[in-house]
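Geometric and topological summary
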Amino acid sequence: MAFGVFVALVSALTVVPWTLIDHGLLLRFFIGLCFVGNLLPYARSGLRMGMERLEWFLFNLLAIGPLVTSALLWANYFGHGPASVSTHAVVDVENHRTYWTYTFSDDFLHDHWMARSIYSDLPDAHGHVQEVSIAEGLLGFEVVVQKRPVVSP
C-alpha cells in the first residue's frame, strides 16, 4: 500500500502535468478506481487473500487505485502518436519560487497551467518563443511531449 501511495505521488509530480486532461475528470477516474475493487464480492476476493474487510478496503484505496491510475497515465504518455510542433510567444512569466508558469500570447494551454510550468532553475523565457510538441496519447488524451525555447539565429 505504501508503494501505491509513493507511485501516485511520483506520477502526480511527473506525468500528470504532461497530460492534458481535465483535473476533475482525472480525480473522478482515480476515485472510481480506488473503490471499484470493493464492488467485488468480499468472500471471493478479500477473504480468499486472507484480508479482513478493512484491510481489503484500504488495499483497494491505497494500492489498487493509485497503481492502476498511474499505470494508465504512463501508458497514455509513452504510447503517444506522432507529435505536432507549434511555436508560441511568451508574454508573461509568473514566478512561484520553485517553478515558473508561462502565459502564451495566443492563450495556448490556457486551461492547463501545469503544462505551462517549468522549474525555476531553467532560464527565464519572458519575451521569447517556446516550441511545444503535443501528441495524442494511447488512451486518447493529449500529452505534452516536449517544451523548449526557440533559439533565434
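As a reminder, the structure under discussion sits directly above these lines.
One structure accompanies this document, and this report is about it.

Each value, and the rule that gives it
Residues numbered from 1 in each chain as written. Predicted model: local features only at pLDDT ≥ 70, side-chain atom pairs only at ≥ 80, totals over all residues. Heavy atoms only, no water. Phe/Tyr/Trp six-rings, centres within 6.5 Å; stacked < 30°, edge-to-face > 60°. Helix = DSSP H or I, 4+ residues; strand = E, 2+ residues; numbered from the N terminus. Buried < 20%, exposed > 50% of the residue type's maximum accessible area, 1.4 Å probe, protein only. Core = buried A, V, L, I, M, F, W, Y, C linked by side-chain atoms within 4.5 Å.

In this section: the packing of aromatic side chains. Counted under the stated rule, the structure contains ten aromatic pairs. With a centroid separation of 6.0 Å and 25 degrees between ring planes, the pair formed by tryptophan 56 and phenylalanine 59 is classed as stacked. Residue tryptophan 56 and its partner phenylalanine 59 are located together in helix H3 (residues 53–78), separated by three residues, close to a single helical turn. With a relative accessible area of 23%, phenylalanine 59 lands in the partly exposed category. The structure contains a cluster of three or more aromatic residues connected by ring pairs, namely Trp18, Trp74, Tyr77 and Phe78.

What follows deals with the environment of proline 149. On the secondary structure map, proline 149 appears in strand E5 (residues 142–149). Given a relative accessible area of 44%, proline 149 falls into the partly exposed group. Separated by 138 residues in sequence, proline 149 and serine 11 place their C-alpha atoms 25 Å apart.

So, on to the nonpolar core. Counting residues in each nonpolar core, the largest one holds twelve residues, listed as Leu20, Val90, Val93, Trp100, Tyr102, Phe104, Leu109, Ala115, Ile118, Val132, Ile134 and Val144. Elements with a minimum of two residues in this core: strand E1 (84–95), strand E2 (99–104) and strand E4 (129–136). In terms of residue count, the dominant contributor to this core is E2 (three residues). Grouped together as the second largest cluster of nonpolar side chains are seven residues, Val15, Ile21, Leu26 and Tyr77 included.

Phi at arginine 97 is positive, roughly 70 degrees, even though this residue is not glycine. Along the chain, the position of arginine 97 falls in the loop between E1 and E2. In this structure, aspartate 107 takes a positive phi of about 55 degrees despite not being glycine.

Everything listed here is a matter of coordinates, which is why it stays silent on function.
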